[in-house]
Amino acid sequence: MLIHVSAGRNSDFDMTAVESNNKIYAYVKGKASTLLEKCTKCRIGNNDERIDTKLHITLESVISESERANNGVCAVAVVETDIDTLSLGVDEVVKRGLTLIGFVAVNSPLYDSCALTVDKVIGSGIKLILTSPDASLEDVAMARTLGICKSKHEVLTERELSALTDEALVSVAPDYSVYSGLSNASVRRVMAALKQGGHKVAYCASALEEITVMDKADIGISQSAFFEKQTRTKKFGIDAAANSDNDALRYKSDVIIPSADAKKEGGISAIFKSILT
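Residue positions are given per chain, counted from 1 along the sequence in the order it is written. In keeping with the model being predicted, local features are shown solely for residues with a pLDDT of at least 70 and side-chain atom pairs are shown and tallied solely at 80 or more, while totals for entire chains, interfaces and linings include all residues. Calculation of side-chain values draws on the structure's entire complement of heavy atoms; hydrogens and water are dropped beforehand.

Asks: What exactly am I supposed to notice about a nonpolar patch on the surface here?
Replies: Residues Leu2, Ile3 and Ile83 make up a contiguous nonpolar surface patch of about 240 Å² in total accessible area. Position of Leu2 among the secondary structure elements: in the segment before β1 (3-5). Note on Leu2: relative accessible area 41%, which makes it partly exposed. Patches were defined on residues exceeding 30% relative accessible area and lacking a salt bridge, with like-charge contacts within 9 Å and nonpolar side-chain contacts (Val, Leu, Ile, Met, Phe, Trp, Tyr) within 5 Å. Working definition of accessibility: Shrake-Rupley area with a 1.4 Å probe, residue cover restricted to the visible protein chains. In the sections that follow, a salt bridge refers to a side-chain nitrogen of Lys or Arg positioned within 4 Å of a carboxyl oxygen of Asp or Glu. Going along the chain from the N terminus, every DSSP run of H or I of four or more residues is numbered as a helix, and every run of E of two or more is numbered as a strand. Here's how the labels work: a residue is buried when its accessible area is under 20% of the maximum for its type, exposed when over 50%, partly exposed in between, all with a 1.4 Å probe on protein chains only.

Written out as structure tokens, the structure is:
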């Protein structure tokens, strides 16, 4: 592999570039309907056929049927490229004309109790928002499975967020249920917009670097903050007990949630239940 670029601020697409037989190929992954519009050919068997109107309609139908049966569908395409184009970014690579090589249906099965608890939370008048540092269809699929997100119009990417002024964000922030591919700085910006709009905000953190986000919330929630054992480490020549990053979160949290266990207690269901109480 030469390079991997994740979707986010600079592009809506993931790209992985590899070298084979002295040639460079870029494999691009993204939302099926969006990536299809960037493809000029489709690989059928061993042949690359031009995507005419008839084939385009057929592929759109495949996407539509797959979306009804699953929570998300992404497409994968490939194009031969070069180092100079790679250095310009994913969107420049895409302009070279992609060949569609397949679709991947995304589903996100969860415990039934999770969806039931989400229903209770939403039914009590509390809006749930999923933020993700990765612009992945898997996160959107999970949100749709849980009932947090009802349609694609409730998803906002880092790229789309960066185009909004602070004033505009205050107005539209409550309309979105999934913020995809956001940095911690962008999550803080969304949180500030929600609070400026008069909303009370609770935030669940799972990593130490999220403390700066949790600090801005009205209620801070951390998960997996308890550990059965400590690890030993040497620092500056001193043998000391070292806890995971998550252990530090409990000192900044208002609510602490344990990990899910074999009885399906704790975890994401416990987070939602804590919101209800």
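Asks: Would you explain helix α9 (residues 184-196) in this entry?
Replies: Expected span, for any helix, means 1.5 Å times one less than how many residues it has. For α9, which comprises 13 residues, the first-to-last C-alpha distance of 18 Å matches the rise-based estimate of 18 Å (1.5 Å per residue) to within 8%. Within the sequence span of α9, burial applies to Ser186, Val187, Val190, Met191, Ala193 and Leu194. An end-on view of α9 places all buried positions within 160 degrees of arc, on one side of the element. We call two residues in contact when some of their heavy atoms are within 4.5 Å. Close packing links the buried residues of α9 with β8 (130-132), α7 (158-162), α8 (166-172), β10 (178-180), β11 (202-205) and α10 (211-214). A positive phi of about 95 degrees marks Gly198, the residue just after α9. By construction, the arc corresponds to the directions joining the helix axis to the C-beta atoms.

Asks: In this structure, what is going on with the sheet that holds β8? I would like to understand it.
Replies: Strand pairs in the sheet, formed through backbone hydrogen bonds, run parallel or antiparallel to each other. A pair of strands is labelled paired if DSSP reports no fewer than 2 bridges between them. The parallel open sheet is built from 3 strands, whose spatial order is β8-β10-β9. The open sheet has two edge strands, β8 and β9 (155-157), and neither has a second partner. Between one strand axis and the next, the sheet turns through 15 degrees on average, direction left out of account. Where β8 meets β10, 3 bridges bridge the pair, whose relative direction is parallel. Following the sheet pairing, Thr131 is matched in β10 by Tyr179. Contacting β8, β9 and β10, helix α6 (residues 137-146) runs over the sheet at an angle of about 170 degrees to β8. For every element, the axis is a line fit to its C-alpha atoms; helices are fit only across the contacting stretch, and the angle between N-to-C directions ranges from 0 to 180 degrees.

Read these as layout, nothing more, since geometry by itself doesn't imply function.
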